[in-house]
Each structure stands twice: as C-alpha cells, then as structure tokens.
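# Inside the fold
Okay, here's what each chain looks like letter by letter:
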Amino acid sequence: MTAEEYLRQAYRLDKLIHSVALEAAELRDAVANISSPKLDEHYDPNRPTDAPFVRVFESVWELEEKVKTNMDKLVRLREQITRSIDSLDNADEQMVLRYRYLHHYTWEQISHELSGDLRTIRRWHKSALSHIAIPENPILI
C-alpha cells in the first residue's frame, strides 16, 4: 500500500458512511408509506405473520449499526492519519496533507489557503508522500 492509498482511505470511508446513512434515511421514509395490513379472515399458513414494516425496521437498524461501526473506524483511522502527518518535520508538507486528506480540499483550495501556486503545492505534496511513514498496523477499509 502506498502512502497516498493509505491517506485516501479516510475520504472513501467517509463517502461510504454517507451512502449507507442515506440508504437508512430512505428506508425510514419508506416506513411512513407502508400501508396497514388487511384485516380479512383469510388465513394463509405460508404467509409471514410479521407486519410488513418489521422487515424494513430491521433493515434500517442493520444499516444504522453499519454506520456506527464505520464511524468508529473512521475516527480511529483519522487519528492514525493525523499522527502520521504530525510526524513530518516540514510544516508546509503537513498542511498540504491535512487539507488534502483530512479536510478533502481540492488542489485549488489548498493553493488558496497556503498562498502558493499549484506547482508548489503539488511539489510539497509529492515530497510529503515520500516522507510520510505508514504505521506498522494501518487501519484498512
């Protein structure tokens, strides 16, 4: 795993969490639109006895648990990435990596924040990637 692949994990995990949370929200909205069961006297032993919304609630709960688990992992990953970035000696390199991988800034935004041209920012980035140490036991997604 390269340094850049390691650092990009936080962005991908953040996007995964957002996607799963969105899916859970859509299911919660769907629960509100489920019709009530019919109360006829017809009995079908092969038909499930649970109300239709029970399965949806279970799906929402599973998705929310997945979000919680991934959020915990994201917090640990970001702490680990922060420690790796803090180990760099050059403050400019640190800031480029922070803006790029922790704050998800574009190159133009980083250039503006650090008052440097894009070429300089990319040079600092390349240098930082060559100096950063990937932890022995990196958190992987």
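In what follows, the accompanying structure is described.

## Brief notes about the side chain of Glu-93
Residue position: Glu-93 is located in helix H3 (residues 91-102). One buried charged side chain, Glu-93, makes no salt bridge at all; its nearest oppositely charged neighbour is Arg-123, positioned 7.6 Å away. Within the structure, Glu-93 has its side chain in polar contact with the side chain of Ser-127 (distance 2.4 Å).

## Considering the packing of helix H4 (residues 107-114) against helix H5 (residues 118-131)
To describe two helices that pack against each other, one gives the angle between their axes and the distance between the axes. With their axes 9 Å apart at the nearest point, H4 and H5 run at an angle of 100° to one another. Between H4 and H5, the angle falls in the class roughly perpendicular. Every residue of H5 that contacts H4 at Trp-107, Glu-108, Ile-110, Ser-111 and Leu-114 is listed here: Leu-118, Ile-121, Arg-122, Trp-124 and His-125. Taken together, the residues of the contact of H4 with H5 break down into 6 nonpolar, 2 polar and 2 charged.

## A word on the environment of Val-56
As for its position among the elements, Val-56 is in helix H2 (residues 52-86). Counting along the chain gives 29 residues from Val-56 to Leu-27, while the straight-line C-alpha distance between them is 6.7 Å.

## With respect to the environment of Leu-129
Residue position: Leu-129 is located in helix H5. Counting along the chain gives 126 residues from Leu-129 to Ala-3, while the straight-line C-alpha distance between them is 5.9 Å. Leaving out residues up to four positions away in the same chain, Leu-129 has contacts with Ala-3, Glu-4, Leu-7, Leu-97 and Tyr-101.

## A look at the packing of aromatic side chains
On inspection of all chains with the given rule, the structure shows 1 aromatic pair. Ring geometry for Tyr-99 versus Tyr-105: centroids 4.9 Å apart, planes at 20°, classification stacked. Classification of Tyr-99 as buried rests on a relative accessible area of 14%. The class for Tyr-105 is partly exposed, based on a relative accessible area of 25%. Across the ring face of Trp-107, the terminal group of Arg-100 is positioned such that the distance to the ring centre comes to 4.1 Å.

## What about the nonpolar core?
Core analysis: the biggest nonpolar cluster contains 22 residues, and Leu-7, Leu-77, Ile-81, Ile-85, Leu-97, Leu-129 and Ile-132 have the highest contact counts within it. The set of elements that each furnish at least two residues to this core consists of helix H1 (3-32), H2, H3 and H5. A per-element tally of this core places H1 first, with 8 residues. Not counting residues up to four positions away in its chain, the partners in contact with Leu-7 are Ile-81, Leu-97, Tyr-101, Leu-129 and Ile-132. In this structure, Val-96, Tyr-99, Ile-110 and Ile-121 belong to the second largest nonpolar core, which totals 6 residues.

## Observations concerning the pattern of salt bridges
Tallied over the entire structure, the rule returns 4 salt bridges. Taking the shortest distance from any N to any O, the salt bridge between Arg-8 and Glu-4 comes out at 2.6 Å. Of this pair, Arg-8 and Glu-4 both sit in helix H1, 4 residues apart, roughly one helical turn. Owing to a relative accessible area of 26%, Glu-4 belongs among the partly exposed residues under this scheme. Between Asp-86 and Arg-98 there is a salt bridge; the shortest N-O distance is 2.1 Å. With Asp-86 in helix H2 and Arg-98 in helix H3, this residue pair connects regions lying 12 residues apart in the sequence.

Thresholds applied
- Residues numbered from 1 in each chain as written.
- Predicted model: local features only at pLDDT ≥ 70, side-chain atom pairs only at ≥ 80, totals over all residues.
- Heavy atoms only, no water.
- Helix = DSSP H or I, 4+ residues; strand = E, 2+ residues; numbered from the N terminus.
- Buried < 20%, exposed > 50% of the residue type's maximum accessible area, 1.4 Å probe, protein only.
- Lys, Arg positive; Asp, Glu negative; His and termini not counted.
- Salt bridge = Lys/Arg side-chain N within 4 Å of Asp/Glu carboxyl O.
- Polar contact = N/O pair within 3.5 Å; in protein donor to acceptor, adjacent residues only side chain to side chain.
- Axes fitted to C-alpha atoms, helices over the stretch in contact; angles between N-to-C directions.
- Parallel < 35°, antiparallel > 145°, perpendicular 65-115°, else oblique.
- Contact = heavy atoms within 4.5 Å.
- Nonpolar A, V, L, I, M, F, W, Y, C, P; charged D, E, K, R; others polar.
- Phe/Tyr/Trp six-rings, centres within 6.5 Å; stacked < 30°, edge-to-face > 60°.
- Lys NZ or Arg CZ within 6 Å of the ring centre and 35° of its normal.
- Core = buried A, V, L, I, M, F, W, Y, C linked by side-chain atoms within 4.5 Å.

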